[in-house]
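Analysis of the macromolecular model
One letter stands for each residue in the lines below.
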Amino acid sequence: MEWTEVTITVPTRYTDAAADIAQMTVPYGLYLEDYSDLEEGAREIAHIDLIDEDLLRKDRTHSIVHIYLSPEANPTEALSFLTERYTAEKIPHTLNTAAIREEDWANNWKQYFKPLTVGERLLICPLWEDVPHTKGRKVLRIDPGAAFGTGGHNTTRLCLAMLERVIAPGCELLDVGCGSGILSIAGLLLGASRAVGVDIDPLAVKTAAENGRLNGMEPPAFTALAGDLVTQVQGTFAVVVSNIVADAIISLSSSIDRHLAHGGVWITSGIIDTREPDVLAAFEENGFAVVDRMEDGGWLCFACKRKEG
Ligand SMILES: C[S@@+](CC[C@H](N)C(=O)[O-])C[C@H]1O[C@@H](n2cnc3c(N)ncnc32)[C@H](O)[C@@H]1O
């Protein structure tokens, strides 16, 4: 079993806060390197010449939090969680993963990704697993590769559950930050007539298109586009879903309107609970009213509509 070591380097004053957040991603211990009080310790014991020269050369201004992701954790989702939390808490940080082989890093967790029921109507089944018998659930086959979107992350499941509430037969769906394509494909399975996914990561776009094909969804029913909204997406959609991060949602709230059909619903997630006031202020400022709200494990999902009049 290969584990992934993640090292998080932060200024020493953030050590405790960074460690507390890192601990949320792993059920077991973490290891801290903090040499900030080394000098004082060195002065105390220098007379017996015990301090190692290597230790004295360590950076005293930063500490390093080490955590270990088990093979069943999708590293992309864990790193995304850490980045979002540290950014929300304004903790300057650098993340690194241990130098283990890329194919292990990306693939080992797959053996633990099992079929998963979401909401009332969907079953997410990884490509490499047999589809279990399900009563009346739509089966979504997926190979996320290194893209985000297995259904394992709270924010993806929140969006899937919200899509179940919102998708009307024949509607058109725009998926901003489509990752593996999971939300677009789910939308089509739930009755949408067309889905367009867009992502700034070209690898995610390729993965989303492949996952579309796996589920028998090719252009024009499902199109995955690389880039941003302004340059890539034309037209309006009855449902727009964007599971990104709070700052991206805040920024989208001033521009998404041009892609939302009259009476359309904008579903947003990737929002940590501490950022709720900022996101709600951006909705208010840009004329959106929240019509539905869900939360799970400190993550929020909103459904919004343009305010009339
Ligand atoms: C949290 S993942 C969501 C993946 C998938 N939609 C899901 O719900 O599981 C966010 C995705 O948004 C993409 N992304 C980040 N900023 C973006 C932006 N400004 N425009 C489009 N995509 C963006 C990332 O590359 C990533 O694939």
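See the structure shown above.
What this report covers is the structure whose coordinates are included nearby. (Residues numbered from 1 in each chain as written. Predicted model: local features only at pLDDT ≥ 70, side-chain atom pairs only at ≥ 80, totals over all residues. Heavy atoms only, no water.)

**Examining the overall build of the protein chain**
Definition in use: For the purposes of this entry, the term helix denotes a DSSP run of H or I that reaches at least four residues, the term strand denotes a run of E that reaches at least two, and both are numbered from the N terminus. Should any heavy atoms of two residues lie within 4.5 Å, those residues are counted as being in contact. In this description, accessible areas are obtained by the Shrake-Rupley approach with a 1.4 Å probe, and a residue is regarded as covered only by the protein chains that are shown.
Counting its secondary structure elements, the protein chain contains 11 helices and 14 strands. Nonlocal contacts in the protein chain, meaning residues at least 24 apart in sequence, comprise 67% of its contacts between residues at least 6 apart. Entry remark: accessible area of the protein chain is about 14600 Å², with carbon and sulfur atoms responsible for 52%.

**A short note on the layout of surface pockets**
To keep it simple, the criterion reads: Residues are said to line a cavity or pocket when one of their atoms sits within 4 Å of a point; the points come from a 1 Å grid over protein atoms alone, cavities being sets where a 1.4 Å probe fits but cannot get out and pockets being open sets with protein on both sides within 12 Å along at least five of seven lines. Grid points are joined across faces, edges and corners, and a volume is the space filled by probe spheres set on the points. Start and end positions for the domains come from either an automated domain assignment or a database one.
Estimated volume of the largest pocket: approximately 700 Å³. Looking at the largest pocket, it is lined by 35 residues, and the ones nearest its centre are G177, C178, D199, N243 and I244. Those elements that place two or more of their residues in the lining of the largest pocket are α4 (75-88), α6 (154-166), α7 (182-189), β9 (194-199), α9 (229-232) and α10 (246-252). Among the elements that make up the lining of the largest pocket, the one with the highest residue count is α4 (4 residues). Both domains that furnish three or more residues to the lining of the largest pocket are identified here as domain 1 (4-107) and domain 2 (150-306).

**With respect to the nonpolar core**
In plain terms, the rule: For our purposes a nonpolar core is just a set of buried Ala, Val, Leu, Ile, Met, Phe, Trp, Tyr and Cys residues, chained together by side-chain atoms within 4.5 Å. Categorising residues by exposure relies on relative accessible area from a 1.4 Å probe, with only protein chains included: less than 20% of the type maximum marks a residue as buried, more than 50% marks it as exposed, and the intermediate range marks it as partly exposed.
Core analysis: the biggest nonpolar cluster contains 55 residues, and I8 and I267 have the highest contact counts within it. Among all residues touching I8, those that are not within four sequence positions of it are A22, S63, I64, V65, I67, L82, Y86, H93, T94 and L95.

**Some remarks on the sheet that holds strand β3 (residues 62-69)**
What holds strands together in a sheet is hydrogen bonding between their backbones, with the strands either parallel or antiparallel. As a reminder, the rule being used: For two strands to pair, DSSP has to find at least two bridges joining them. Between N-to-C directions, angles span 0 to 180 degrees; the directions come from axes that are lines fitted to C-alpha atoms, helices contributing only their stretch in contact.
Pairing is antiparallel across the open sheet formed by 4 strands, whose spatial order is β2-β3-β1-β4. With partners counted over all chains shown, the strands left at the sheet margins are β2 (31-34) and β4 (94-97), one partner each. Pairs of neighbouring strands in the sheet enclose a mean axial angle of 20°, with direction left out of account. Relative to β3, β2 runs antiparallel, the two sharing 4 bridges.

**Some remarks on the sheet that holds strand β8 (residues 172-176)**
The 7 strands lie next to each other as β10-β9-β8-β11-β12-β14-β13, forming an open sheet whose pairing is mixed. Both outer strands of the open sheet, β10 (222-226) and β13 (288-296), are each paired with one neighbouring strand and no more. With direction set aside, neighbouring strand axes in the sheet form an average angle of 15°. Note that strand β11 (residues 237-243) and strand β12 (residues 260-272) share 6 bridges and pair parallel. Directly across from V241, in β12, lies its bridge partner I267. Taken strand by strand, helix α11 (residues 276-285) contacts β12, β13 and β14 (299-306), and its axis lies near 10° from that of β14.

**Re helix α8 (residues 202-214)**
Let me state the cut-off plainly: Expected helix span is given by 1.5 Å per residue-to-residue step, counting one fewer step than there are residues. As used in this structure description, the phrase polar contact means that two N or O atoms lie within 3.5 Å; if the pair is within protein, one of them must be able to donate a hydrogen and the other to accept it, and residues adjacent in sequence are counted only when both atoms belong to side chains.
Between its first and last C-alpha atoms α8 spans 19 Å; for 13 residues at 1.5 Å apiece the expected length is 18 Å, and the two agree. Between a side-chain oxygen at the N-terminus of α8 and the backbone nitrogen of L203 the separation is 2.9 Å; the capping residue is D201. Looking one or two residues past α8, G216 carries a phi angle of roughly 70°, positive in sign.

**Thoughts on the packing of aromatic side chains**
Note the cut-off: To pair, rings of Phe, Tyr and Trp, with the six-membered ring standing in for Trp, must have centres within 6.5 Å; the planes then decide the type, stacked if under 30 degrees apart, edge-to-face if over 60, and tilted in the middle.
Enumeration over the complete set of coordinates arrives at 4 aromatic pairs. Between F283 and F302, the ring centres sit 5.7 Å apart and the planes meet at 85°, which makes this aromatic pair edge-to-face. Linking F283 in helix α11 with F302 in strand β14, this pair joins segments that are 19 residues apart in sequence. Through successive ring pairs, a cluster of aromatic residues spans W266, F283, F288 and F302.

**Focus: a nonpolar patch on the surface**
Spelled out, the test is: A patch consists of residues whose relative accessible area exceeds 30% and which take part in no salt bridge; residues with like charges are grouped when within 9 Å of each other, and nonpolar side chains (Val, Leu, Ile, Met, Phe, Trp, Tyr) when within 5 Å. The working definition used for a salt bridge is a side-chain nitrogen of Lys or Arg within 4 Å of a carboxyl oxygen of Asp or Glu.
A grouping of L127, W128 and L214 is seen on the molecular surface, where their side chains present a nonpolar patch of about 230 Å² in accessible area. Mapped onto the secondary structure, W128 falls in the loop between β6 (122-126) and β7 (138-142). Judged by its relative accessible area of 33%, W128 falls in the partly exposed class.

**Details of the site of the ligand**
Counted only if it meets this: Nearness of a residue to a molecule or strand requires only that one of the residue's heavy atoms be within 4 Å of it. Each molecule is assigned to a cavity or pocket provided more than half of its atoms lie within 2 Å of the corresponding grid points. Put simply, Ala, Val, Leu, Ile, Met, Phe, Trp, Tyr, Cys and Pro go in the nonpolar bin, Asp, Glu, Lys and Arg in the charged bin, and everything else, Gly too, in the polar bin.
Close to the ligand lie 13 residues, the nearest being G149, T156, G177, D199 and N243. The contact in question runs from an oxygen atom of the ligand to an N or O atom on the side chain of T156, over 2.7 Å. A distance of 3.5 Å is found between a nitrogen atom of the ligand and a backbone nitrogen or oxygen belonging to I200. Protein burial of the ligand: of its 600 Å² of free accessible surface, 81% is covered by the chains. Counting atoms within 2 Å of the grid points, the majority share of the ligand lands in the largest pocket. Its residues assigned to classes, the shell around the ligand shows 6 nonpolar, 5 polar and 2 charged.

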